[in-house]
Amino acid sequence: TNQGKISTLLLCLLYSADTVEDEMEMATVRHRPEALELLEAQSKFTKKELQILYRGFKNECPSGVVNEETFKDIYSQFFPQGDSTTYAHFLFNAFDTDHNGSVSFEDFVMGLSILLRGTVQEKLNWAFNLYDINKDGYITKEEMLDIMKAIYDMMGKCTYPILKEDAPRQHVETFFQKMDKNKDGVVTIDEFIESCQKVSTQ
């Protein structure tokens, strides 16, 4: 799935970072993460895994937080054949759960924990939040189209060379028709989860 690929890419980024810990550098970190014991209790990672993740996160983001531009820069390295800017923007907003314009280590760990080791319900809730761009509790057809276009842009023309320009809209029309059970023009969390679970069991 797209979410699975995304989370794997992000994890690879962290694990490939330099794992040598520099005590002097640690002292300069402006944003200190919550105690690892607390994050261990809240997430599905072990303390050892959290330590490795933190070293990688700190290596990429010495201040302890990631702003959107840095996030986009890091993410673009995985998709050199396309333009990942818009999708990275949506993804950043999904990780930035308190909407303060930055992603802390805690934000990152909790999102990654759901994407890699969460239950089906947790993953679908997270995905719904990604698609619900304005965070009003509903997914509109335009929101779904914005995400779909961003995915096509990110994957690049060389990945989908024969697709017509209106391919994203055609896909959205099909998905939305199936998801919007009561035909009220929006998809609720319940409709989204029910539709996704049906697809996964077919």
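Residues numbered from 1 in each chain as written. Predicted model: local features only at pLDDT ≥ 70, side-chain atom pairs only at ≥ 80, totals over all residues. Heavy atoms only, no water.

Engineer: Break down the UniProt feature "domain: EF-hand" (unreviewed entry) in the protein for me, citing the residues and quoting the values.
Structural biologist: Listed under "domain: EF-hand" (unreviewed entry) in the UniProt record, and renumbered for this structure, are residues 83–118, 119–154 and 167–202. Across residues 83–118 one finds 67% helix and 8% strand; the C-alpha atoms that close the span lie 29 Å apart. Along residues 119–154, the helical share is 72% and the strand share 6%, with 27 Å between the first and last C-alpha atoms. (UniProt positions renumbered as here; feature names shortened; annotations may be inferred. Helix = DSSP H or I, 4+ residues; strand = E, 2+ residues; numbered from the N terminus.)

Engineer: With reference to specific residues and values, describe the packing of aromatic side chains.
Structural biologist: Each aromatic ring pair is summarised here by two numbers: the centre-to-centre distance and the angle between the ring planes. Under the criterion given, the structure shown has 12 aromatic pairs. The interplanar angle of 25° and the centroid separation of 5.5 Å between the aromatic rings of Phe95 and Phe108 together place this pair among those described as stacked. Of this pair, Phe95 sits in helix H6 (residues 85–95) while Phe108 sits in helix H7 (residues 105–117), and the two are 13 residues apart along the sequence. Of the two residues examined, Phe95 and Phe108, each falls in the buried class. Here Phe95 and Trp126 contribute two aromatic rings whose centre-to-centre distance is 5.4 Å and whose plane-to-plane angle is 70°, an arrangement assigned as edge-to-face. Residue Phe95 is found in helix H6, and its partner Trp126 is found in helix H8 (residues 120–131); the two are separated by 31 residues along the sequence. (Phe/Tyr/Trp six-rings, centres within 6.5 Å; stacked < 30°, edge-to-face > 60°. Buried < 20%, exposed > 50% of the residue type's maximum accessible area, 1.4 Å probe, protein only.)

Engineer: Outline the nonpolar core, listing residues and values.
Structural biologist: Counting residues in hydrophobic clusters, the biggest one holds 48 residues, and the most contacted among them are Tyr87, Leu91, Phe95, Phe105, Leu130 and Phe192. No other element matches helix H9 (residues 141–155), which puts 8 residues into this core. (Core = buried A, V, L, I, M, F, W, Y, C linked by side-chain atoms within 4.5 Å.)

Engineer: Explain H8 to me, using residue names and the numbers behind them.
Structural biologist: Spanning 12 residues, H8 covers 16 Å between terminal C-alpha atoms, matching the ideal 16 Å at 1.5 Å per step. Leu124, Trp126, Ala127, Phe128, Leu130 and Tyr131 are the residues of H8 that are buried. (Expected span 1.5 Å × (residues − 1).)

Engineer: Could you give me a rundown of the environment of Gln177, with the residues and numbers involved?
Structural biologist: The topology assignment puts Gln177 in helix H10 (residues 167–179). Sequence spacing of Gln177 and Val187 is 10 residues, and the spatial spacing of their C-alpha atoms is 9.7 Å.

Engineer: Could you give me a rundown of the packing of H9 against H10, with the residues and numbers involved?
Structural biologist: Taken N-terminus to C-terminus, the directions of H9 and H10 make an angle of 135°; their axes are 9 Å apart at the nearest point. Compared by their axis directions, H9 and H10 come out oblique. In this structure, H9 crosses over H10, and the sense of that crossing is right-handed. Contacts from Lys141, Glu142, Met144, Leu145, Met148, Lys149 and Tyr152 in H9 reach Ala167, Pro168, Arg169, His171, Val172, Glu173, Phe175, Phe176 and Met179 in H10. (Axes fitted to C-alpha atoms, helices over the stretch in contact; angles between N-to-C directions. Parallel < 35°, antiparallel > 145°, perpendicular 65-115°, else oblique. Left-handed = near helix turned anticlockwise from the far one by under 90°. Contact = heavy atoms within 4.5 Å.)

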